[in-house]
Amino acid sequence: MNKKIFQAVFFSVLLTLLLVLAVSLSVLYASYENRIEDDLSAEIRFLAAAAADGMANVTAVSVPGHRVTVIAQDGTVLYESEGNAEDMENHLERPEVQEAIRYGFGEDRRESDTLLQELHYAAVRLSDGSILRVAVPAETMLSFAVSMLFPMLVLLIVLLAFFAWFSMKAAKRITDPINRIDLEHPDSLDGYEELSPLLFRISKQQATIRDQIEN
């Protein structure tokens, strides 16, 4: 009985723990993405203010690793921090560029071919009608989960060890009172209200047996 109770408690706790970890991972990833988007929005507005005094200022204050692009109203790339602008294809149909043209600000995110990285884009329309765009690399849900794998495994192992001990204690606590029942005097086991129906039936059965023997 101990083994069955242990398994029932342990696997119930394990399932609950895995669900909690999955929900926690989702919440952490959502918070991570929100932080990236907030930082990107603040960065591009700062760069847009710097662009008013010339592209040299934009280059000077841009964050290393963040791709800065300036796009003409017809979609032609005028400036590209990570390559040659003349070699870039027309960007007019990019979602973030279209939003910036229409509303003054636009954003989008697209996964790379590796599925382990995605780019967050933010674009703002400048006073001369051109579009300033910033692209920031970010982790996908898969890569985020992989990066969290080691600390999550350590946490999972520690928690499983604790819950294995807890399940054994719980199983022992449940079965010990049953094992201590004196079948000759079942009423002698006090303090376990949950066992009262069982003890009553045993006591009644013992009385019936004694009556049958005596008669």
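Predicted model, so just to flag it, every value in this text is computed and none were measured. (Residues numbered from 1 in each chain as written. Predicted model: local features only at pLDDT ≥ 70, side-chain atom pairs only at ≥ 80, totals over all residues. Heavy atoms only, no water.)

This part covers the confidence of the model for the protein chain. The share of residues in the protein chain with pLDDT of 70 or more is 72%, and the mean pLDDT across the chain is 77. The least confident element of the protein chain is helix α6 (residues 196-214), whose mean pLDDT is 63; the most confident is helix α3 (residues 95-103), at 93. (pLDDT = per-residue confidence, 0-100. Helix = DSSP H or I, 4+ residues; strand = E, 2+ residues; numbered from the N terminus.)

This brings us to a nonpolar patch on the surface. Taken together, the side chains of Phe150, Val154 and Val158 make up a nonpolar region of the molecular surface, amounting to roughly 310 Å² of accessible area. Looking at where Val158 falls in the secondary structure, it is placed in helix α5 (residues 149-179). Take Val158: its relative accessible area is 52%, and that puts it in the exposed class. (Patch = residues over 30% accessible without salt bridge, like charges linked within 9 Å, V, L, I, M, F, W, Y side chains within 5 Å. Areas by Shrake-Rupley, 256 points an atom, 1.4 Å probe, with all protein chains shown as cover. Salt bridge = Lys/Arg side-chain N within 4 Å of Asp/Glu carboxyl O. Buried < 20%, exposed > 50% of the residue type's maximum accessible area, 1.4 Å probe, protein only.)

Before going further, it helps to spend a moment on α3. Listing the buried residues of α3 in full gives Glu96, Val97, Gln98 and Ala100. Against β1 (67-71), β3 (105-111), β4 (117-125) and β5 (131-139) lie the buried residues of α3. Just downstream of α3, Gly104 is the residue with a positive phi angle, here 95 degrees. (Contact = heavy atoms within 4.5 Å.)

Moving on: the pairing of β4. Along a regular strand, successive side chains alternate from one face of the sheet to the other. Across seven bridges, β3 lies against β4 in antiparallel orientation. In the sheet register, Gly106 faces β4, and the bridge partner there is Ala123. The sheet contact formed by β4 and β5 spans nine bridges and is antiparallel. Paired with His120 across the strands is Val136, a residue of β5. Connecting β4 to the antiparallel partner β5 that follows it, the hairpin turn spans five residues, and Gly129 within it adopts a positive phi of roughly 95 degrees. (Pairing = 2+ DSSP bridges.)

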